[in-house]
Amino acid sequence: MSQFLKNQDPDIYAIIEDELERQTDHLEMIASENFTSPAVMEAMGSVFTNKYAEGYPNKRYYGGCENADRIEQLAVDRACELFGCKFANVQPHSGSQANQGVYQALLKPYDKILGMDLSHGGHLTHGSKVSSSGKTYSSFFYGVEMDGRIDYDRVLDIAKIVEPKLIVCGASAYAREIDFAKFREIADEVGAILFADIAHIAGLVAAGEHPSPFPHCDVVSTTTHKTLRGPRGGMIMTNDEDIAKKINSAIFPGIQGGPLVHVIAAKAVGFGENLKPEWKTYAKQVKANAKVIADVLMKRGYKIVSDGTDNHLVLVSFLDKDFSGKDADAALGNAGITVNKNTVPGETRSPFVTSGIRIGSAALTARGMKEKEFEIISNKIADVLDNIEDSALHAKIKEEMHALAREFVIYHQPTY
Ligand SMILES: *Cc1c(COP(=O)(O)O)cnc(C)c1O
């Protein structure tokens, strides 16, 4: 890191160093996290943080935007090339704000939306009552069946009863492919707008390792920091010019002020990485590694929701166990493995306790780990779960996991 911060503000510098050490030592298996490249971080730390650029390229409310225009246009062009769409808005500050922008563009307050239930793997912004999406719009939900999968006939039945203005597809904790074509049929049958939120799977979609929401969906949002591995932020895409115009006005001036041009620069750098042939290799490895987690844990007697995975994440169910997701999360944390507790289909415990954990492969794959390491780690996860109260064992595994992690340096060498 630069000497400026170290000299001027040693307190903050020291905490950042501690965080780098934490990220280096721990095995990061939270499915929504990843490691960006040094190039992405350099762009994020650039002088563009100084620039106000309200508006869009060549239509700004401030002077001196000629370089901001070039940056944003490049980010948009690369995003469109990457996802095969005509229009992209790269200004949303986060995935949640991208979604808020979509709703604001296409709906009126109290319009009906139909999304995936949070406790079944959906996201807060898909109509949850604690989110503005559930306070502003009349929200209804579909979920997964006891086998952990979406039953598209059931979704159609619910859609026919609800008659939503907009259907949201996409999830935060769903291990199976999402069938966008099926959702299109459902949306067409009830005359709804189809909105896909690919925040979790975008990196796989970009690599052709998950079916694309285009051409099926009217509008698509994503985060740029999950499997896509760019800077923390959001994005909205569409092929429809009318929708694109509405989205642009909804983001600015609708819900945001000046765009974060330094983050947009970093998004463009990230998209540049996503467009390289190596990206496909990474995405394939992410899926192969997640499959190892599911296979090993099933072999060790653990119940995996939907009995496997098609993507970067695995949901483990402890409905048949006398410990909770919270217990497992804490025990694995003590063993140097970071995951998160998660509700599972048929949940019997509260959302703060839960009966499952979500495990992701994207971040460790970015560090260069392959099947061999995932097999070792997955067996250690099973060892911890088999001995959930053995804190001495957890401490011993933690040392082993830290040693393994340190072999895969994050920020001193390119990882692909
Ligand atoms: C993570 C996520 C979001 C929100 O992204 P933030 O950047 O955290 O606001 C939205 N939708 C889905 C499906 C997500 O997984």
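Draft legend 1. Quick peek at the overall build of the chain. When helices and strands are counted, the chain shows 16 helices and 15 strands. Against the compact-globule benchmark of 22 Å for 416 residues, the chain has a radius of gyration of 21 Å, which places it among compact chains. For the chain, the C-alpha atoms occupy an extent of roughly 60 × 60 × 35 Å along the three principal directions. Buried residues in the chain amount to 55% of all 416 residues. When contacts within the chain are restricted to residue pairs at least 6 apart in sequence, those whose partners lie at least 24 apart make up 72%. Carbon and sulfur atoms form 52% of the exposed surface of the chain, whose accessible area is close to 17,700 Å².

Draft legend 2. Seen up close, the pairing of strand β5 (residues 112-116). Most of β5 is tucked away: four of the five residues are buried. Where β5 and strand β6 (residues 138-142) come together, five bridges link them in parallel fashion. Note on β6: the bridge partner recorded for methionine 116 is tyrosine 142. Relative to strand β7 (residues 166-169), β5 runs parallel, the two being bridged by two bridges. Residue pairing in the sheet places isoleucine 113 in a bridge with leucine 166 of β7.

Draft legend 3. Structural context of the site of the ligand. Looking at the ligand, there are 14 residues lining it, with Gly95, Ser96, Ser172, Asp197 and Lys226 nearest. Between the ligand and serine 172 there is a distance of 2.7 Å, counted from an oxygen atom to a side-chain nitrogen or oxygen. One of the side-chain nitrogen or oxygen atoms of lysine 226 is found 2.7 Å away from an oxygen atom of the ligand. Contact with the protein chains removes 86% of the 380 Å² of surface that the ligand exposes when unbound. Looking at the shell around the ligand, the element that brings in the most residues is helix α5 (residues 95-106), giving three residues.

Draft legend 4. Here's a closer look at unusual backbone geometry. Cis geometry is adopted by the peptide bond preceding proline 215, which originates at phenylalanine 214 and carries an omega value of 5°. Within the secondary structure, proline 215 sits in the loop between α9 (202-206) and β9 (219-223). Following phenylalanine 252, the chain continues into proline 253 via a peptide bond in cis, with omega recorded as 5°. Secondary-structure assignment places proline 253 in helix α10 (residues 241-255). Of note, the phi angle at asparagine 58 is positive, near 65°, even though the residue is not glycine. Here asparagine 58 lies in the loop between β2 (55-56) and β3 (59-60). At threonine 354, a residue that is not glycine, the phi angle is positive and equals roughly 65°. You can see threonine 354 is positioned in the loop between β14 (340-341) and β15 (356-360).

Draft legend 5. View of the layout of surface pockets. Its boundaries defined by the atoms lining it, the largest pocket holds a volume of some 730 Å³. Around the largest pocket, the lining comprises 22 residues; the ones closest to its centre are Gln23, Phe35, Thr36, Met41 and Tyr411. Listed by contribution, the elements that provide at least two residues to the lining of the largest pocket are α2 (10-25) and α3 (38-44). Looking at side-chain class alone, the lining of the largest pocket contains eight nonpolar, eight polar and six charged residues.

Draft legend 6. Local environment of the sheet that holds β14. Pairing is antiparallel across the open sheet formed by four strands, whose spatial order is β11-β12-β15-β14. Every interior strand has two partners, whereas the edge strands, β11 (303-304) and β14, have only one. Relative to strand β12 (residues 313-317), helix α12 (residues 277-299) is tilted by about 20°, and along the sheet it contacts β11, β12 and β15. Together, β14 and β15 form the strand contacts of helix α13 (residues 325-334), whose direction differs from that of β15 by roughly 45°.

Draft legend 7. Broad picture of the pairing of β9. Most of β9 is tucked away: five of the five residues are buried. Here β9 shows no split at all, with Val219, Ser221 and Thr223 on one side and Val220 and Thr222 on the other all buried. Both strand β8 (residues 193-197) and β9 contribute to a ladder of three bridges, which runs parallel. Bridge pairing in β9 places phenylalanine 195 opposite valine 219. Sheet topology places β9 next to strand β10 (residues 234-238); five bridges connect them, and they run antiparallel. By the bridge assignment for β10, threonine 223 is matched with glycine 234.

Draft legend 8. Seen up close, the pattern of salt bridges. Applying the stated criterion across every chain, the model contains 22 salt bridges. Residue aspartate 111 pairs with lysine 165 through a salt bridge whose shortest N-O separation is 3.5 Å. Highlighted residues: aspartate 111 in the loop between α5 and β5 and lysine 165 in the loop between α7 (152-162) and β7, separated in sequence by 54 residues. Here aspartate 111 falls in the buried class, since its relative accessible area comes to 19%. What emerges from the salt-bridge pattern is a single network uniting Glu209, Lys280, Lys284 and Lys287.

What counts and what doesn't
Per-chain numbering applies: the sequence of each chain, read as written, is numbered from 1 onward. Only residues with pLDDT of at least 70 get local features here, since the model is predicted, and only at 80 or more are side-chain atom pairs given and counted; chain-wide, interface and lining totals rely on the full set of residues. The side-chain figures draw on all heavy atoms in the structure; neither hydrogens nor water molecules are used. Put simply, DSSP H or I for four residues or longer makes a helix, DSSP E for two residues or longer makes a strand, and each gets a number counted from the N terminus. Radius of gyration: over C-alpha atoms. The globule rule applied is 2.2 Å multiplied by the number of residues raised to the 0.38 power. Partly exposed residues are those whose accessible area sits between 20% and 50% of the maximum for their type, while under 20% is buried and over 50% is exposed, using a 1.4 Å probe and protein chains only. Residue contacts are counted whenever heavy atoms from the two residues lie within 4.5 Å of one another. Under the convention used here, a 1.4 Å probe and the Shrake-Rupley method define accessible areas, while residue burial counts only the protein chains that appear. Pairing between strands requires that DSSP locate at least two bridges from one strand to the other. Note on terminology: near, applied to a residue and a molecule or strand, indicates that one of the residue's heavy atoms is within 4 Å of it. Under this definition, polar contacts are N or O atom pairs within 3.5 Å; protein pairs additionally need one hydrogen-donor-capable and one acceptor-capable atom, and for neighbouring residues in sequence, both atoms have to be side-chain atoms. Cavities and pockets were defined on a 1 Å grid built over protein atoms only: a cavity is a set of grid points that admits a 1.4 Å probe from which the probe cannot escape, a pocket is an open set flanked by protein on both sides within 12 Å along at least five of seven lines, and lining residues are those with an atom within 4 Å of any such point. Grid points are joined across faces, edges and corners, and a volume is the space filled by probe spheres set on the points. Classes in brief: Ala, Val, Leu, Ile, Met, Phe, Trp, Tyr, Cys and Pro nonpolar; Asp, Glu, Lys and Arg charged; the others, Gly included, polar. Note on geometry: axes are C-alpha line fits, over the in-contact stretch for helices, and angles between N-to-C directions span 0 to 180 degrees. By definition here, a salt bridge exists when the distance from a side-chain nitrogen of Lys or Arg to a carboxyl oxygen of Asp or Glu is within 4 Å.

Any functional reading would require information beyond the geometric quantities listed.
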